[in-house]
Amino acid sequence: MYYFSLALLLTGVRCRSHAPWLSWGEGGGFTGAQHGYTVYTNGTVEAWAQRPGQARHLQRRWKLNASQQQFLETVYQQLQGLPAYTSPANYTRFIVLYASRDTLRWAWGVADTHATARALQTLYETLNQKLQRP
C-alpha cells in the first residue's frame, strides 16, 4: 500500500512537467547575492544566481539521470517529514520543496548548531554532491 501511494504521489507530481519540484541554495552576506539549483518535475536541473533586486540569472541547465532522479524522490519524501525550521543568519542556506498544495521552506545559518539545522546541512551537502551534472 505504501509503495502504491508513493508511486501515485510521484506520478501526480510529475504530471506538472515544468513545475519546480525542489530548490536549494545559499546567499546573503555583504552583497546579498544568492546562488543555487532548482529541479523541475521533468528532471531538468537549473543552476542559477541572483543579485538583490534582480531576476535569477540561469547559469546552466541539464537533465538528471535515472539514479539522480531516484535519489531526489527519496529526498523529497524525507523533507516532507522534517519539522519546519527557519533560523536565517547573515549568510543563509535554504531548501524549498514545492508540494502539490503547499511550498515548504527551511532556512538556516551556516554556523547554526541546532539538530534540525545539522540534518538540513547534511542533506544540503548531499544534494550538492549527488545532483551535479554528470
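Above this note sits the structure.
So, here's what we can say about the structure. Fair warning: this is a prediction, and the values are worked out from it, not measured in the lab. (Residues numbered from 1 in each chain as written. Predicted model: local features only at pLDDT ≥ 70, side-chain atom pairs only at ≥ 80, totals over all residues. Heavy atoms only, no water.)

## Quick look at the pairing of strand β7 (residues 103–109)
Then, number 1: Summarising the sheet, strand β5 (residues 85–87) and β7 pair through three bridges and their orientation is parallel. Of the residues in β7, the one forming a bridge with Y85 is W106.
Then, number 2: Bridge count between strand β6 (residues 91–98) and β7: seven bridges; the pairing is antiparallel. Residue Y98 lies in a different strand from β7, and its bridge partner there is T103.
Then, number 3: Counted between consecutive antiparallel strands, the loop separating β6 from β7 contains four residues. (Pairing = 2+ DSSP bridges. Helix = DSSP H or I, 4+ residues; strand = E, 2+ residues; numbered from the N terminus.)

## Observations regarding the environment of T116
Then, number 1: Residue position: T116 is located in helix α3 (residues 115–130).
Then, number 2: With 31 residues separating them along the chain, T116 and Y85 place their C-alpha atoms 7.2 Å apart.

## Structural notes on the sheet that holds strand β1 (residues 20–28)
Then, number 1: Spatial ordering of the open sheet is given by β4-β3-β2-β1-β6-β7-β5, a layout of seven strands whose pairing is mixed. Each having just a single partner strand, β4 (57–63) and β5 make up the two edges of the open sheet. Averaged over all pairs of adjacent strands, the angle between strand axes in this sheet comes to 15°, irrespective of strand direction.
Then, number 2: Bridge count between β1 and β6: seven bridges; the pairing is antiparallel. When the sheet's bridge partners are listed, S23 is paired in β6 with V96.
Then, number 3: Packing against the sheet, α3 makes contact with β1, β2 (34–40), β5, β6 and β7, and its axis sits at approximately 75° to β6. (Axes fitted to C-alpha atoms, helices over the stretch in contact; angles between N-to-C directions. Contact = heavy atoms within 4.5 Å.)

## A few points about the pairing of β4
Then, number 1: By the bridge criterion, six bridges tie strand β3 (residues 44–50) to β4 in an arrangement that is antiparallel. What sits directly across from E46, in β4, is R61.
Then, number 2: The antiparallel pairing of β3 with β4 creates a hairpin that spans six residues between the two strands, and G53 there sits at a positive phi of about 75°.

## Details of the pattern of salt bridges
Then, number 1: The tally for this structure, following the rule as stated, stands at two salt bridges.
Then, number 2: We note a salt bridge from R93 to E26, for which the minimum N-O separation is 3.0 Å. Of the two residues, R93 is situated in strand β6 and E26 in strand β1; the sequence distance between them amounts to 67 residues. The residues R93 and E26 share a single accessibility class, namely buried. (Salt bridge = Lys/Arg side-chain N within 4 Å of Asp/Glu carboxyl O. Buried < 20%, exposed > 50% of the residue type's maximum accessible area, 1.4 Å probe, protein only.)

## Notes on the side chain of T92
Then, number 1: On the secondary structure map, T92 appears in strand β6.
Then, number 2: T92 gets classed as buried once you look at its relative accessible area, which sits at 12%.
Then, number 3: The contact partners of T92, leaving out residues within four places of it in the chain, are G25, E26, G27, A107 and W108.

## Remarks on α3
Then, number 1: For α3, with 16 residues, the first-to-last C-alpha span of 23 Å sits near the 22 Å given by 1.5 Å per residue.
Then, number 2: Taken together, the buried positions of α3 are occupied by T116, A117, L120, Q121, L123, Y124 and L127.
Then, number 3: Check the buried side of α3 and you find it contacts β1, α2 (66–80), β5, β6 and β7. (Expected span 1.5 Å × (residues − 1).)

## What about the environment of F94?
Then, number 1: Summarising the element assignment, F94 is placed in strand β6.
Then, number 2: Taking the relative accessible area as the measure of exposure, F94 reaches 3% and is therefore buried.
Then, number 3: Once you skip the residues sitting within four places of it in the chain, F94 turns out to touch S23, W24, G25, E26, Q34, W48, R105, W106, A107, W108 and Y124.

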